[in-house]
Amino acid sequence: MDIAALLEEHLHPKGVGVVIEAEHLCMTLRGVRATGAKTTTSALRGLLRSDGRSRHEFLSLAHGGGSD
């Protein structure tokens, strides 16, 4: 949310999308030793939040897919 807010504040775009994928090292190295325990967080603002088509295209590209 902070990254999206910063981009929106300084760049004034029509839409902002941020997707972050992180690996939980505490889960990988300790505890259950779940290799590759990842979490994905996203923040969408402006046009990417309100327009379904734009949101779908952004999220598809962010997750390694192509646009429709």
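Here the structure is shown first, and the text comes after it.
Residues numbered from 1 in each chain as written. Predicted model: local features only at pLDDT ≥ 70, side-chain atom pairs only at ≥ 80, totals over all residues. Heavy atoms only, no water.

Caption draft 1: Region of the structure containing the environment of L25. Residue position: L25 is located in helix 2 (residues 25–29). Each C-alpha atom of the pair L25 and A37 lies 7.8 Å from the other, and the pair is 12 residues apart in sequence. (Helix = DSSP H or I, 4+ residues; strand = E, 2+ residues; numbered from the N terminus.)

Caption draft 2: Spotlight on unusual backbone geometry. Positive phi values are uncommon outside glycine, yet H12 reaches one of about 55°. Relative to the helices and strands, H12 resides in the loop between helix 1 (2–11) and strand 1 (15–23).

Caption draft 3: Focus on the pattern of salt bridges. All chains considered together, the criterion is met by 1 salt bridge. A salt bridge links R45 to E8; its shortest N-O distance comes to 2.8 Å. With R45 in strand 2 (residues 38–46) and E8 in helix 1, this pair connects stretches of sequence that are 37 residues apart. Overall, R45 belongs to the partly exposed group, its relative accessible area being 24%. With relative accessibility at 28%, the residue E8 sits in the partly exposed group. (Salt bridge = Lys/Arg side-chain N within 4 Å of Asp/Glu carboxyl O. Buried < 20%, exposed > 50% of the residue type's maximum accessible area, 1.4 Å probe, protein only.)

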